[in-house]
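Fold and geometry: a report
Here's the letter readout for the chains.
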Amino acid sequence: MMNSVFKAAGAVAALLLAPVAGATLVTFEAAGANAAAITATRDAFRVAVGGGVVAGANGSFGGVRREINWDGVPDLQADPNPMPADFFNTSSKRGAVFSTPGTGFLVSANAGLATPTLFGFPGDLQTFSPQRLFTAVGSNITDVTFFVPGTGIAATTSAFGVVFVDVEDRDVTKIEFFDATDTLIFTRDVLVGGNQGLSFVGAVADAGEKISRVRLISGANSILSNGVRASETTDMVVMDDFLYAEPRAIPEPSSLALAGVGLLCGVAWLRRRRQAP
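Computed from a predicted model, the values in this text were never measured in an experiment.

Turning next to the overall build of the protein. Across its full length, the protein holds 3 helices and 17 strands. Taking all 277 residues of the protein together, the buried fraction comes to 46%. Taking all contacts inside the protein whose residues are at least 6 apart in sequence as the whole, residues at least 24 apart take part in 74%. Carbon and sulfur atoms provide 58% of the accessible area of the protein, an area that totals close to 12500 Å².

Here's what the structure looks like:
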């Protein structure tokens, strides 16, 4: 009897981890020549996620939302030096770790230093929130994986938004969400903002979707170093602010199984009670 209950509980756990069939996410998107063109949409995304407008420690907004604007990265870990992929889970505990098929990540230099600002491309880039930008190096792909902030505990989020800079071509720059089983649950092409323009795209789960990984595809070109890009004829896209719902721990399978056992035992008890004379 108990073996069958535990088998059924395992099935319940699998169902709890399974993607939500036919679910949709509420999308927020805008693009234009300057910050004013996307600020209202960014603000609407903030309201939808919650947390207010005043940041606490480690970019936490009321324990409901996190934001990264790159300005907290010290000069020694900014252009021309690489930013550690786990900086925003260790040095600044925000629960986001980055990976890329390229060679690493760069955060642009502040004004007044020896390294030019805006990755050395002042005619192509601008900031949404001054004065740093972010990019993968040697690749147009950045993956964001979530953890309980400051730990190695895998987590998911229920919303993610990002500002892209210099999106000039349609259907090239994209955002993709994957669940805990690495199944694609959302994809969106980023609106064209034009040369030096800004584009915002974000989505909020409205049917219980859990986002374990976000993939950001930034144009079809990549930066190799300050002032150097892989191609001089292809659109180059970088990023500014990241916004996302507070990362929450993924339930352990054993916990889900125990929850399933409790559910099944409760159902069995109700059946016995109904059958009793």
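Alternating positions in strand β3 (residues 65–68) separate into two faces, Arg65 and Glu67 on one and Arg66 and Ile68 on the other, with burial throughout. Hairpin connection from strand β2 (residues 60–61) to β3: 3 residues lie between these consecutive antiparallel strands, with glycine 62 at a positive phi of about 65 degrees. The sheet contact formed by β3 and strand β16 (residues 238–245) spans 4 bridges and is antiparallel. Opposite glutamate 67, over in β16, you have leucine 243 as the bridge partner.

The next point concerns the packing of aromatic side chains. Pairs of aromatic rings are described using the distance from one ring centre to the other and the angle between the two planes. Tallied over the entire structure, the rule returns 17 aromatic pairs. For the pair phenylalanine 87 and phenylalanine 88, a centre-to-centre distance of 4.9 Å together with 75 degrees between the ring planes defines the contact as edge-to-face. Pair check on accessibility: phenylalanine 87 and phenylalanine 88 agree, each one buried. Relative to tyrosine 244, the ring of phenylalanine 160 lies with its centre 6.0 Å away and its plane at 15 degrees, an arrangement referred to as stacked.

Spatially, 5 strands are ordered β4-β7-β13-β10-β11 in an open sheet, and the strand pairing comes out antiparallel. Because the sheet does not close on itself, it has two edges, and the strands there are β4 (96–99) and β11 (184–189). Looking at each pair of strands side by side, their axes are set apart by 20 degrees on average, direction ignored. The sheet contact formed by strand β7 (residues 141–146) and strand β13 (residues 213–217) spans 5 bridges and is antiparallel. Of the residues in β13, the one forming a bridge with isoleucine 141 is isoleucine 217.

Formed by 36 residues in total, the largest nonpolar core has its most connected members in Phe98, Phe160, Phe177, Leu216 and Phe242. Those residues within four positions of phenylalanine 177 in sequence are excluded, and the remaining contacts are Leu25, Phe160, Thr183, Leu184, Ile185, Phe186, Ala203, Ile211, Arg213 and Val214. Residues Leu118, Phe119, Leu198 and Val238 belong to the second largest nonpolar core, which totals 24 residues.

With that out of the way, let us pick up unusual backbone geometry. For the peptide bond that leads from aspartate 79 to proline 80, omega is 15 degrees, which places it in the cis range. Here proline 80 shows up in the loop between β3 and β4. Here the bond from proline 130 into glutamine 131 is cis, since omega is 5 degrees, no more than 30 degrees from zero. Examined against the element boundaries, glutamine 131 turns out to sit in the loop between β5 (104–107) and β6 (134–137). The phi dihedral of tryptophan 70 falls on the positive side, at around 75 degrees, and the residue is not glycine. Note that tryptophan 70 resides in the loop between β3 and β4. We note that leucine 118 has phi near 55 degrees; this positive angle belongs to a residue other than glycine. By the element assignment, leucine 118 lies in the loop between β5 and β6.

The predicted model of the protein has a mean per-residue pLDDT of 88, with 83% of residues at 70 or higher. Note that pLDDT drops below 50 for residues 1–22; the model gives that stretch 22 contacts with residues more than four away or on any other chain. Predicted confidence for residues 255–270 stays below pLDDT 50, and this span has 14 contacts to residues more than four positions away or in other chains.

The next point concerns the pattern of salt bridges. Tallying each qualifying case throughout the model produces 12 salt bridges. Taking the shortest distance from any N to any O, the salt bridge between arginine 65 and glutamate 67 comes out at 2.9 Å. As a salt-bridge pair, aspartate 124 and arginine 229 come within 3.3 Å of each other at their nearest N and O atoms. Pair noted here: aspartate 124 is in the loop between β5 and β6 and arginine 229 is in strand β15 (residues 228–229), with a separation of 105 residues, a long-range link. With respect to class, aspartate 124 is no different from arginine 229; both count as buried. Within the structure, one salt-bridge network assembled from shared partners comprises Asp143, Asp182, Arg213 and Arg215.

Bringing the side chain of threonine 156 into the picture now. Structurally, the position occupied by threonine 156 is in strand β8 (residues 155–156). Among all residues touching threonine 156, those that are not within four sequence positions of it are Lys210, Ile211, Ser212, Glu246, Pro247, Arg248 and Ile250.

Cut-offs used in this document
Within each chain, residues carry numbers counting from 1 in the order of the written sequence. Confidence filtering applies because this is a predicted model: local features only for residues at pLDDT of at least 70, side-chain atom pairs given and counted only at 80 or more, and all residues used for totals across whole chains, interfaces and linings. Side-chain numbers come from the whole structure's heavy atoms, not from hydrogens or water. Labels follow the DSSP assignment, with helices taken as runs of H or I lasting at least four residues and strands as runs of E lasting at least two, numbered in each case from the N terminus. The classification of residues rests on relative accessible area computed with a 1.4 Å probe and restricted to protein chains. Under 20% of the type maximum is buried, over 50% is exposed, and intermediate values are partly exposed. We call two residues contacting when some pair of their heavy atoms lies within 4.5 Å. In short, Shrake-Rupley with a 1.4 Å probe defines the accessible areas, and a residue's cover is counted only from the protein chains shown. Whether two strands pair comes down to DSSP finding at least two bridges between them. Ring pairs shown here join Phe, Tyr and Trp side chains whose ring centres sit within 6.5 Å, with only the six-membered ring taken for Trp; geometry is labelled stacked below 30 degrees between planes, edge-to-face above 60, and tilted in between. Between N-to-C directions, angles cover 0 to 180 degrees, with each direction set by a line fitted to C-alpha atoms, over the stretch in contact for helices. By nonpolar core we mean a set of buried residues, namely Ala, Val, Leu, Ile, Met, Phe, Trp, Tyr and Cys, connected to one another through side-chain atoms within 4.5 Å. The pLDDT value expresses, per residue, how confident the predictor is, ranging between 0 and 100. Just to be clear on terms, a salt bridge is a Lys or Arg side-chain nitrogen sitting within 4 Å of an Asp or Glu carboxyl oxygen.

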